[in-house]
Amino acid sequence: MKTNSAPVMPGVNDPCWCGSGQKYKRCHKARDEQQKQPAQNQAQPITPGRVSPMRTVPEHIPRPEYAVSGRPTSRPLPPPMNQEQLARMKKSCAAAALVLESMGKLVRPGITTDEIDAATHAAYIAFGGFPSTLNYHGFPKSLCTSVNEVVCHGIPDDRALQDGDIVNLDVTIFLHGMHGDTNATFECGKVDELSKKLIRVTKECLDLGIAAVKPGRRFRDVGRAIAEHAHRYGFGVVRKYAGHGIGEIFHAPIYVPHWDDPDASHVIEPGMIFTIEPMLNLGTDDVREWDDGWTVVTADGKRSAQFEHTVHVTESGAEVLTVPDRSKL
Ligand code: MF3
Ligand code: CO
Ligand code: CO
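The structure presented is a predicted model; accordingly, all values stated were derived computationally and were not measured.

Enquirer: Let's hear about the environment of proline 80: which residues, and what values?
Expert: Along the polypeptide, proline 80 turns up in the loop between α1 (29–36) and α2 (83–104). Once the C-alpha coordinates of proline 80 and cysteine 27 are considered, the two residues, 53 residues apart in sequence, prove to be 38 Å apart. Apart from residues lying up to four places away in sequence, proline 80 is in contact with Gln85 and Gly271.

In C-alpha cells, the structure reads:
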C-alpha cells in the first residue's frame, strides 16, 4: 500500500537509517536537520553569462605542455622532488598564494568575475608565470570563479557580483616549471550568517585535513578528519572531486579524498606534494554539471564553499607551500 506520510526518522540513539551502524545522532542527524532548512538568502540562481575571448600570454613566458593543444599527456606519478625542484615548487606556490591574496581584495559588489580574471591573468604574467587553467582541457580562462551554489570550475563571465554573494577564487600558476594551486572563498559585501558559518567551517576542515597529514597514515584518514568536522555541522562534503598530486604536472596521480573513502588506503610518504581542497555544501553533497562542460553546481541549489592549499609532506607532518610570503619568491 502506498502512503504519503513523511519518512519516520530514527530515535537519536537508534542506528542511523543509512546503514552505517552508528547511532543516528552521531551520523546523519545534523545533516537531516540542516537539509530541512530553507535556502537562507534571496539571490537568484547563477546562470551562464557571456565569456570574453581567451586572453593571450606574452611569448617569453614558458608554458605547460598542454597550452597549445589543450590536452595534457597522462604521466605516472613523478619521483619525489630533489632540493632544486622543491625550491622551484616553493616559489611557484608562494606566487599563487600572493595572487590569491590580492585577488580576494578585489571582491566587492559590482565587479564582474571576468574583471577578476583579467586582473589574475595580469598578476601571473607579472610574476613571469602562465595561467595553468588557460586551455587546460580547453578551459577558457585564467582562474575559476565559483559563486554561491557553484561548487567548483566556474568560468569567469560578465555577471557582476552582488551584495551577499560568496565567491571562490581558484588560482593556479605555472612558474619555474611547477604548478602552484590554492583557492579560498570570499564574502562579497554583507553576507548572511549561515553562509559565513559555511565558509568558516570549510576553512577549518582544510586546516584539520592538513593537521591529519603524517607519514605512515593513509589518505582516507585525512578525508575522515575533514568529513567528521563537516558532518558535525550538518554540511555535505562533495565526493566527486578530490585533492591531487601536483608539481611539474597540474593533476598528478595522488588521490586525496575529502571523506573516509575506503579506496584511499594508500600511505602518505615524506616528499609527497599534493593539494587538499574540501568543498562543503549547505545541503546535499550531490552535484550537477552545466552543459558548458565545466561549471559544477549543487544538485539542490544551496550554497557551497571551498578552500585549497598545496602541501609538502615532511618527516613530521605537512608543510603548507601556498603561503603568501614575498620572502619565499
Ligand atoms: N585549480 C583546480 C584544482 O584545484 C583545477 C581547475 S582545472 C580547470 O584542481 F580546468 F577547471 F581550470
Ligand atoms: Co587543485
Ligand atoms: Co585549485
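Enquirer: An account of the site of ligand 1 is needed here, citing residue identities and associated values.
Expert: Near ligand 1 there are 14 residues, and of these Asp170, His244, His251, Glu277 and Glu308 occur at the shortest range. Contact distances for ligand 1 include 3.2 Å between a nitrogen atom and a side-chain N or O atom of threonine 172. At 2.7 Å, a side-chain N or O of histidine 251 approaches an oxygen atom of ligand 1. Summarising the interface, the protein chains cover 97% of the accessible area of ligand 1, which totals 340 Å² for the free molecule.

Enquirer: Just give me the short version of the coordination of the cobalt ion (ligand 3), but keep the residues and values in it.
Expert: Those donors, Asp170 (OD), Asp170 (OD), Asp181 (OD) and Glu308 (OE), are the protein atoms that reach the cobalt ion (ligand 3), and they lie 2.1 to 2.4 Å from it. Here the cobalt ion (ligand 3) is ringed by 6 donor atoms whose angles at the metal span 58 to 170°, and the overall shape comes out irregular. Counting residues between consecutive donors of the cobalt ion (ligand 3) along the chain gives the motif D-x10-D-x126-E. With relative accessibility at 10%, the residue aspartate 170 sits in the buried group.

Enquirer: An account of the coordination of the cobalt ion (ligand 2) is requested, with residue identities and associated values reported.
Expert: Here the cobalt ion (ligand 2) is held by the protein donor atoms Asp181 (OD), His244 (NE2), Glu277 (OE) and Glu308 (OE), which lie 2.0 to 2.2 Å from it. Classification of the site at the cobalt ion (ligand 2) as irregular follows from its 6 donor atoms and the range of 52 to 161° in their angles at the metal. Each donor residue of the cobalt ion (ligand 2) belongs to the same chain, and together they define the spacing D-x62-H-x32-E-x30-E. Separating the cobalt ion (ligand 2) and the cobalt ion (ligand 3) is a distance of 3.3 Å, and aspartate 181 donates to both of them. One end of the pair, glutamate 277, is in the loop between β9 (273–276) and β10 (279–281); the other, glutamate 308, is in the loop between β13 (304–306) and β14 (309–313), and 31 residues separate them in sequence. The same class applies to glutamate 277 as to glutamate 308, namely buried.

Enquirer: Lay out the pairing of strand β2 (residues 144–147) with the relevant residues and their values.
Expert: As a general feature of sheets, a regular strand has side chains that alternate between the two faces. Burial of β2 is two-sided: the residues Cys144 and Ser146 facing one way and the residues Thr145 and Val147 facing the other way are all buried. Pairing of β2 with strand β4 (residues 166–175) involves 4 bridges; the strand directions are antiparallel. The residue bridging serine 146 from the neighbouring strand is asparagine 168, located in β4.

About the thresholds
Residues numbered from 1 in each chain as written. Chains lettered and ligands numbered in written order. Predicted model: local features only at pLDDT ≥ 70, side-chain atom pairs only at ≥ 80, totals over all residues. Heavy atoms only, no water. Helix = DSSP H or I, 4+ residues; strand = E, 2+ residues; numbered from the N terminus. Contact = heavy atoms within 4.5 Å. Near = heavy atom within 4 Å. Polar contact = N/O pair within 3.5 Å; in protein donor to acceptor, adjacent residues only side chain to side chain. Areas by Shrake-Rupley, 256 points an atom, 1.4 Å probe, with all protein chains shown as cover. Donors = N, O, S within 2.8 Å, 3.2 Å for Na, K, Ca; no water. Tetrahedral: all angles 85-135°; square planar, octahedral: opposite > 155°, others 65-115°. Buried < 20%, exposed > 50% of the residue type's maximum accessible area, 1.4 Å probe, protein only. Pairing = 2+ DSSP bridges.

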